[in-house]
Amino acid sequence: MLQIAETAKISPLADIEDSTRGSRIIIEDGVNIDAFVKIKPAGGTGDVRIGRDSYINPGTVIYTGNGINIGEAVLIASNCTLAPTNHECRYRDKRILGGGFMPSKGGITIENDVWVGANSVILDGALIRQGCVIAAGSVVRGELEAYGIYAGNPLQKIGERQ
């Protein structure tokens, strides 16, 4: 079910698919979703909520998977991927294609006032605390401290917002 606030701005070139399994996609007031953003229900039945005044830049792909909660005033730069799901791939006697999905690691939570740099990948189980800055090209899994500045792969805290 799609719930889109009247004041949200969604490019006509964005592609937001409605769920066939009951996942809700909630886009709150003041959200701006740019061209070529893809929101796709896949890999689970989790909901996606994009909080007030957040901005999703072109080329970003968001899978619903085990759920995503994006806080208020979050900036997600171009060509990011949010993937709160993983294919089951542990067993040699099962093909990956058609093998289902691994158990949830809790989905993705991005708290308020976060900036995710271009070409970053946010994985199932990521908890990005308020005020974080994630450098371009980063891979995020696990919890990041509030107001930290993070870069590199593996991701490391390189400073704090003042």
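In this report, we go over the structure that sits alongside the text. (Residues numbered from 1 in each chain as written. Predicted model: local features only at pLDDT ≥ 70, side-chain atom pairs only at ≥ 80, totals over all residues. Heavy atoms only, no water.)

**A closer look at the pattern of salt bridges**
Move 1: All chains considered together, the criterion is met by eleven salt bridges.
Move 2: Among the ionic pairs, Arg24 bridges to Asp47, the shortest N-O distance being 3.0 Å. One end of the pair, Arg24, is in the loop between strand 3 (15–16) and strand 4 (25–27); the other, Asp47, is in the loop between strand 6 (38–40) and strand 7 (48–50), and 23 residues separate them in sequence.
Move 3: Between Glu28 and Arg49 there is a salt bridge whose closest N-O contact spans 3.0 Å. Separated by 21 residues along the polypeptide, Glu28 in the loop between strand 4 and strand 5 (32–33) and Arg49 in strand 7 bring together distant segments of the chain. (Salt bridge = Lys/Arg side-chain N within 4 Å of Asp/Glu carboxyl O. Helix = DSSP H or I, 4+ residues; strand = E, 2+ residues; numbered from the N terminus.)

**What about the sheet that holds strand 9 (residues 61–63)?**
Move 1: Spatial ordering of the open sheet is given by 3-6-9-12-15-18, a layout of six strands whose pairing is parallel. Single-partner strands in this sheet number two, and they are strand 3 and strand 18 (139–140).
Move 2: As paired strands, strand 15 (residues 121–123) and strand 18 are joined by two bridges and run parallel to one another. Counted as the bridge partner of Ile122 is Val140 from strand 18. (Pairing = 2+ DSSP bridges.)

**Quick word on unusual backbone geometry**
Move 1: Residue Pro154 is bonded to the preceding Asn153 through a cis peptide linkage, with omega at 10°.
Move 2: Its place among the elements puts Pro154 in the loop between strand 20 (148–151) and strand 21 (156–160).
Move 3: Not every positive phi belongs to a glycine, and Ala73 is a case in point at roughly 55°.
Move 4: Secondary-structure assignment places Ala73 in the loop between strand 10 (68–70) and strand 11 (75–76).
Move 5: Of the residues examined, Ala73 reaches a relative accessible area of 37% and is grouped as partly exposed.
Move 6: The backbone of Asp113 shows a phi angle near 60°, a positive value even though the residue is not glycine.
Move 7: If you trace the backbone, Asp113 turns up in the loop between strand 13 (108–110) and strand 14 (115–116).
Move 8: Residue Asp113 is classed as partly exposed on the basis of its relative accessible area, which comes to 32%. (Buried < 20%, exposed > 50% of the residue type's maximum accessible area, 1.4 Å probe, protein only.)

**A short note on the pairing of strand 20**
Move 1: Summarising the sheet, strand 17 (residues 133–134) and strand 20 pair through two bridges and their orientation is parallel. Bridging from a neighbouring strand, Val133 pairs with Ile149 of strand 20.
Move 2: In textbook terms, the turn of a hairpin is the stretch between consecutive antiparallel strands, and for strand 20 and strand 21 this stretch comprises four residues, one of which, Gly152, has a positive phi near 90°.

**Overview of the sheet that holds strand 17**
Move 1: The strand order 2-5-8-11-14-17-20-21 describes an open sheet built from eight strands, whose pairing is mixed. In this open sheet, the two strands that pair with only one neighbour each are strand 2 (9–10) and strand 21.
Move 2: In terms of strand pairing, strand 20 meets strand 21 through four bridges, oriented antiparallel. Each residue of the ladder has a partner; that of Gly148, found in strand 21, is Glu160.

**Considerations on the environment of Leu75**
Move 1: Mapped onto the elements of the fold, Leu75 is located in strand 11.
Move 2: When the C-alpha atoms of Leu75 and Trp115 are compared, they prove to be 4.7 Å apart, with 40 residues separating the residues in sequence.
Move 3: If near-sequence neighbours (up to four positions away) are discounted, Leu75 is found in contact with Tyr55, Val114, Trp115 and Val116. (Contact = heavy atoms within 4.5 Å.)

**As for the environment of Gly106**
Move 1: Residue position: Gly106 is located in the loop between strand 12 (81–83) and strand 13.
Move 2: The exposure class assigned to Gly106 is exposed, which follows from its relative accessible area of 59%.
Move 3: Through-space distance from the C-alpha of Gly106 to that of Asp124 is 6.5 Å; in sequence the pair is 18 residues apart.

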